[in-house]
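Listed below are the residues making up each chain.
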Amino acid sequence: MGDQKESLRKITTTLALKNEEITNFICCLKQSLENLESNSSRVQEDLEAEFNTLHSVLDELKDSMVTRIKQERASRTYELQNQLSACSKALESSEELLEVANQTLCSTEANDFNQSSVTMAPAFRLSLKAKASDSMSHMMVDFTQEREILKAIKFLPVPATPEILLSECQVCDNTVTVLWALPEPDAKIDHYDLEYRRTNHEGPPRAREDYPWMVVEGIRETEYTLTGLRFETRYMTFRVKACNKAVAGEFSEPVTLETHAFLFKLDAGSAHQNLKVEDLSVEWDSCGGKVVQDIRKDKNRTNQSPMHSPARTAMNSPKRVPSARVGRDRFTAESYTVLGDTFIDAGQQYWEVRFDKESKAFAVGLALRNLGRFDQLGKSNASWCIHLNNWLQQSLTAKHNNKARTLDCQIPDRIGVYCNYEEGVLSFYNARTKTLMHTFRTKFTQPVVPAFSVWNGSFSVQTGLQVPGAVQSGQRKNSGTSSSNASLT
């Protein structure tokens, strides 16, 4: 008996679930009927509006053409009436002259008649060719083709699916140009919608992605260029759909393009205590060292747990990420330095840094990962940099292994850094004009990291950049030439 009840309970549970599904489906059907009614009314209204517009266009065209006919008739009527009036007057004058001339011929006193009055008669000066034609055939119309076009009017079809032309797409200078084409030309296409999103894997999109689709609407051409991008991932996926006035077609097959760029963060765990690191920005904090000393005193005095103490909160801001480099000591003393968290051990990389030109001192360059915690950039053989000094007198120098060379160039507010690891090239550029400021030529024997230093100032770093075309072109021209700064390498 118990088994029967259990079986019946399962059946009733299944039936209840089925009833719930049917109920939900009935709700969906009712909603579909409501949507159908609403959508049908909407498209009917749109259709009537389109035909009303078409009728209005035809009425306007008819009124315009009728007006032209009336104007042409009035103009020709005026010309012909004037000509008719002139001819009638000339004829009347000629008849009078003829009557006088005939009377003179019959008279014995013919010498009194002035013959010149006959030769100067208006009839001799008249043109007997009509000044205007009575034909109006040039104002005729033939709507045969238009009628055939109107007969061919149909509901707009769903646009065909475009295809992205992968071989013609380009990725360069942090811009991406995407080109596509339809299987066949379609004059009804109004615009295209392009969608793209960042991804770290190659191939078709996955069910769950870390980044959302970004949309560019209303593209009139079959290509589009995205500019000013920051490549935070290895790839970007693109898809496009065609739209006419009524409906959009299906998206194209997604295409994935590689967006290689050097992406790194600042290693806050390596930063000097006087440097306040927030994401990719650094600001000099003159109280940083004092705060840490006060924290340590407070910790020793209260013996409070450092994990929950106010001191701990002051030292570890939520925006200051922990060091990704195990065992890296924080820079100290007068080495107001912070390193990037990503090593460079191959390839060509590029990044930019914007700095406060009023900083007392600022430096940017590369350093070996074992750079000493007391070492200032450029003061040892483990780092290369260009250094801005605003103390007493402004100067810009290239530094390495405690040797310096003064640079004779304008100080920009943004510097681009280029590294070719295999070639041992480290170049600095005016990031705005891409003018070369200085090049180190050396041989990297171990991985290097981006390095920055600031005193009484601030700077921010921009990563995710590709090597600009102007920089690549300049490097090709300068490859193989002798280094002008061999004494620093």
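Residues numbered from 1 in each chain as written. Predicted model: local features only at pLDDT ≥ 70, side-chain atom pairs only at ≥ 80, totals over all residues. Heavy atoms only, no water.

An unreviewed UniProt entry annotates the protein chain as Fibronectin type III and SPRY domain-containing protein 1 of Esox lucius. Note on the protein chain: under the UniProt heading Function (unreviewed entry), the record states "May be involved in microtubule organization and stabilization." The Subunit (unreviewed entry) field of the UniProt record for the protein chain holds the comment "Oligomerization is required for binding to microtubules." (UniProt positions renumbered as here; feature names shortened; annotations may be inferred.)

*Asks:* Whenever I open this one, the pattern of salt bridges confuses me. Can you help?
*Replies:* Oppositely charged side chains can form a pair if their charged atoms are brought close together. Evaluated as defined, the whole model comprises 11 salt bridges. Two residues, Arg432 and Asp413, come together in a salt bridge whose shortest N-O distance is 3.1 Å. Taken together, the residues Arg432 in the loop between strand S19 (425-430) and strand S20 (435-441) and Asp413 in the loop between strand S17 (403-406) and strand S18 (414-420) connect sequence positions 19 residues apart. For Asp413, a relative accessible area of 25% gives the class partly exposed. Connected via shared salt-bridge partners are Asp190, Arg220 and Lys245. (Salt bridge = Lys/Arg side-chain N within 4 Å of Asp/Glu carboxyl O. Helix = DSSP H or I, 4+ residues; strand = E, 2+ residues; numbered from the N terminus. Buried < 20%, exposed > 50% of the residue type's maximum accessible area, 1.4 Å probe, protein only.)

*Asks:* Whenever I open this one, the sheet that holds strand S14 (residues 361-368) confuses me. Can you help?
*Replies:* The strands making up a sheet associate through hydrogen bonds between their backbones, and the pairing can be parallel or antiparallel. Judged by pairing direction, the sheet is antiparallel, and its seven strands sit side by side in the order S9-S12-S21-S14-S15-S16-S17 without closing on themselves. Where the open sheet ends on each side, the last strands, each with one partner, are strand S9 (266-267) and S17. Pairing between strand S15 (residues 383-389) and strand S16 (residues 395-400): six bridges, direction antiparallel. Looking at S16, one finds that Cys385 is bridged to Lys399. (Pairing = 2+ DSSP bridges.)

*Asks:* For this particular structure, what's the right way to read the UniProt feature "coiled-coil region" (unreviewed entry) in the protein chain?
*Replies:* In the UniProt entry, the feature "coiled-coil region" (unreviewed entry) is given for residues 33-64. Helix makes up 100% of residues 33-64 and strand 0%, with an end-to-end C-alpha separation of 46 Å.

*Asks:* Sorry, what's going on with unusual backbone geometry here?
*Replies:* Peptide bonds are trans in most cases, and residues, glycine excluded, mostly fall at negative phi. In this model, Leu392 sits at a positive phi of 70°, which is unusual for a non-glycine residue. For Leu392, the location among the structural elements is in the loop between S15 and S16. Judged by its relative accessible area of 82%, Leu392 falls in the exposed class. Of note, the phi angle at Asn401 is positive, near 55°, even though the residue is not glycine. Structurally, Asn401 is set in the loop between S16 and S17. For Asn401, a relative accessible area of 38% gives the class partly exposed.

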